[in-house]
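Report on the structure
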Amino acid sequence: MSKDDCIVVEGKKKRLLKPDLCPGIVDLKKHKHSQDLKVDLKPFISEEDEAMERDPLVDLASFQASCTFLKTAIRDIKEIKTKKLDMSSSEIDSIRTDATIHFIHMKKLNRLAHFRCRKVRENTNEAKHKIDQCHLQLQNLLYEAMHLEKEITKCMEFKSKDEEVELVKVEEFYKDAPISISNPNVTKEDAHLQMLARLEWELEQRKQLAIKLTDTKSNKEQISQEIQAKHDYLETLQPKLSAILHATRPVQDYLSMPYDAIKEEHQKAQHLPVPLYILYMQTSAYKDACDKFIKVVIQGDVDAAQSQLMWTFEPDEDSDSDMEDQEKQDVKRRRNTSEMRNEEKKNRVLKKHPLSVAVDINSDDGTELQLTFYYLLALNIITVNVKVTPGAKVMTSSSTGSDLMSPDMILDELYPGDHGNESPNLANHYELKRHGLQELDSYISLIGRPYLWCQWMGGLQFLKKDLNNSEELATEDESAGIVKLSQVRAQHSVSSANMQKTITLLKERVNARVCLLQQLSSLERNIIPVSSASVKMFPTKINAQLTSWRRSSFVDLKSLPQAERFIKAGLVHSTDFIFMATIDRGSAKMTAFVVLTSDSPKVAPLIIVDIMWQSRRTALTDIYVMEMEEEVNVHYQELLNGNVKDQLLPNQLQRLLMCFDVYLETDIPASSLVPIEIPKEKMMPRTSRGPARSKPFKYVPELGIFTHRCFT
């Protein structure tokens, strides 16, 4: 023990207090009754400054020593109370006093530690703030450098409009241009004046060509009028030729002309019912005048047709009087059961004429559309059975569009709203109901489909169910459009007015389905078949890729909240073809539902987008997704090459990939410290515009940049 140590003696025990470990603690016993205790008069120093001046390790050792003393004091008090010594009360008070001093010392050390910790935190925050300022300055410098590089690139890639004009060669210019424009004495020495003179000569030539174009168009209109006049003349010529041929039959028989096959066909046609006869006659006339590759033949039993001439439909009634009359007339006939009578009644109501007309239409790729037209005697309507013989291109078609060429779907909605499930003759509904039969759509497999255009080809015309949604019938006599159901008769004017348009639509439908199947085959291999003529409408590099293409259903689409607005607007129906495409770029994923109508591509495909990028985004939650859908679905006219619409679906999908790139590259993260996964590669003068901060989805092929669409 050193002489500097303090010893407190109480009773029989001694406790050693080291002033170096417990600064400020003195022997209170020694100074308890001292009246002349001197106070240390050092200058006042705040505890914050004292905390920074003191050594933390020394304070830690002092704190540990005070803790050890407190433990020892508690243990001594316990021992004194256990032994119950005489001097226990005074000794316990002494120990408590010493323990209190140590406890006060520990509180001071705790305050100093907190002051020291707060000071360290302030120093740390100040250092971090300086680092953030330096980092922000670095980011600003990098952005300025990037902006300068882009401006330099724009300047280097700038091309004047006159560079795009293909001018004639200099030798030809001086040879053909007049001296007033070429002025060789001046322009040969000055390249700038020479370029101006060549541009002036180019402008003069184009003005002359424009005048020539105007004259050519006027001549074309005049020739078109002459052709139309001749066409009208030929239309009136057909009845006259028919009369002449009828008058020259004796001469043909006398000269033995080889018209036997035609004669037999015409003899068969005499036994056709009036609607099928008109259909056969008008189709044959169209074949002879416009399309030699159409085949028109009459099928069926002529003898059965002859016996059918006097047939009238008189279905049995279920009344008691009729049953009694039948029993009286044929007593030996066994009474039929209810099922047999219903079957017989159904056969009489749905009875077809023995003869039918078969029309074969061939497409460009060899696909053959075989149409067999029947006439239902009791219902007074024409039905058709469809058979498709695929060509070479359809043999390698896709699996997702295998039903596009099915007979039940290939002619769906050839005219708007015409699905062929209901009879166009409103009287048929009551006729079937009166005889206890189901609706006509239950017997489609037996009789065929009664499309509205089939009735028009046969000269039949019925009242429309809905004037707003029905196709306007192009008849020569507008007053012929309103007739009574009991007076519906086949008319030649109705058939001739719709024959050409209907056959054209049939050919276009087959060609469109063949082209669509080829496109679906490429899409299943994750290849968007953009034609060479359409490549220039898109940037050379598109990073987003089609990763999958599969068939979906109306039920799956209906479950999407963002598709509800299209369904309510009547843009999506349960009869539409629905596909689902998956497009990826990095960790971003887009799911696009593509809706194709039966009349595609005349009706543009509808695309509904769902994006998974950091969170799920749809048109209902993200206005930029709605802008993307609008760019693809509304502005599709820009993707058409002239009047050809077969490439509309691939072009829309390619634009969707392009817009997806723009969407991701302009999606700026909330924090600048977050690493950018998708870099900005597209040329965009402005990434956002307007209060809605719209994105530049419109691509300008001439400049190779993306800009915002202007609305007027």
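Up top is the structure.
Residues numbered from 1 in each chain as written. Predicted model: local features only at pLDDT ≥ 70, side-chain atom pairs only at ≥ 80, totals over all residues. Heavy atoms only, no water.

Looking at the nonpolar core
Filter applied, for reference: In these notes, a set of buried Ala, Val, Leu, Ile, Met, Phe, Trp, Tyr and Cys residues joined through side-chain atoms within 4.5 Å is what counts as a nonpolar core. Exposure categories follow from relative accessible area, calculated using a 1.4 Å probe and restricted to protein chains: below 20% of the type maximum is buried, above 50% is exposed, and the middle band is partly exposed. A contact between two residues is defined here by any heavy atoms of the two lying within 4.5 Å.
Within the largest apolar cluster, 101 residues are counted, with the highest numbers of intra-cluster contacts made by Leu371, Phe373, Leu411, Trp453, Ile611 and Leu656. When neighbours within four sequence positions are excluded, Trp453 is seen to be in contact with Leu371, Phe373, Leu411, Leu414, Tyr415, Asp418, Thr502 and Leu506. Judged by nonpolar contacts, the second largest core, of twelve residues, contains Ala563, Val572, Phe593 and Leu606.

Considerations on the packing of helix α17 (residues 492-524) against helix α21 (residues 648-665)
Our working rule: Fitted lines through C-alpha atoms give the axes, limited to the stretch in contact for helices. The angle between two N-to-C directions lies from 0 to 180 degrees. The helix count covers DSSP runs of H or I at least four residues long, the strand count covers runs of E at least two residues long, and both are numbered beginning at the N terminus. Each residue is assigned to one class: nonpolar for Ala, Val, Leu, Ile, Met, Phe, Trp, Tyr, Cys and Pro, charged for Asp, Glu, Lys and Arg, and polar for all the others, Gly among them.
Two numbers describe how α17 lies on α21: the axes approach to 10 Å, and their chain directions differ by 35°. Of α21, the residues touching α17 (which contributes Leu516, Gln519 and Leu523) are Leu649, Pro650 and Leu653. Broken down by class, the residue content of the contact of α17 with α21 amounts to five nonpolar, one polar and no charged.

What about the sheet that holds strand β9 (residues 588-596)?
Strand pairing in a sheet takes place through backbone hydrogen bonds and is either antiparallel or parallel in direction. Cut-off, in case you're wondering: Two strands are said to pair when DSSP picks up at least two bridges between them.
The antiparallel open sheet is built from five strands, whose spatial order is β7-β8-β9-β10-β11. Bordering the open sheet on either side are β7 (545-551) and β11 (615-617), each of which pairs with just one other strand. Across this sheet, the average inter-strand angle for adjacent strands is 20°, counted without regard to direction. The sheet strands contacting α21 are β7, β8 (577-585), β9, β10 (606-613) and β11, and the helix crosses β9 at an angle near 150°.

Describing the environment of Phe579
Checked against the element boundaries, Phe579 lands in strand β8. The spacing of Phe579 and Thr400 is 179 residues in sequence and 8.2 Å in space, taken between C-alpha atoms. Once residues within four sequence positions are removed from consideration, Phe579 is found in contact with Thr400, Leu520, Trp549, Arg550, Arg551, Ser552, Ala592, Phe593, Val594 and Leu596.

A few points about the pattern of salt bridges
Let me state the cut-off plainly: Throughout this description, the term salt bridge denotes a Lys or Arg side-chain nitrogen within 4 Å of a carboxyl oxygen of Asp or Glu.
In the structure shown here, the tally under the stated rule is 26 salt bridges. The residue Lys108 makes a salt bridge to Glu50 at a minimum N-O spacing of 3.4 Å. Taken together, the residues Lys108 in helix α3 (residues 88-157) and Glu50 in helix α1 (residues 47-53) connect sequence positions 58 residues apart. Residue classification places Glu50 among the buried positions, given a relative accessible area of 17%. Across the salt bridge formed by Arg565 and Glu629, the nearest N and O atoms sit 2.6 Å from each other. One end of the pair, Arg565, is in helix α19 (residues 564-568); the other, Glu629, is in helix α20 (residues 623-633), and 64 residues separate them in sequence. The partly exposed category is assigned to Arg565, whose relative accessible area is 30%. Put simply, Glu50, Arg54, Asp59, Lys108 and Arg116 are held in one network by salt bridges that share partners.

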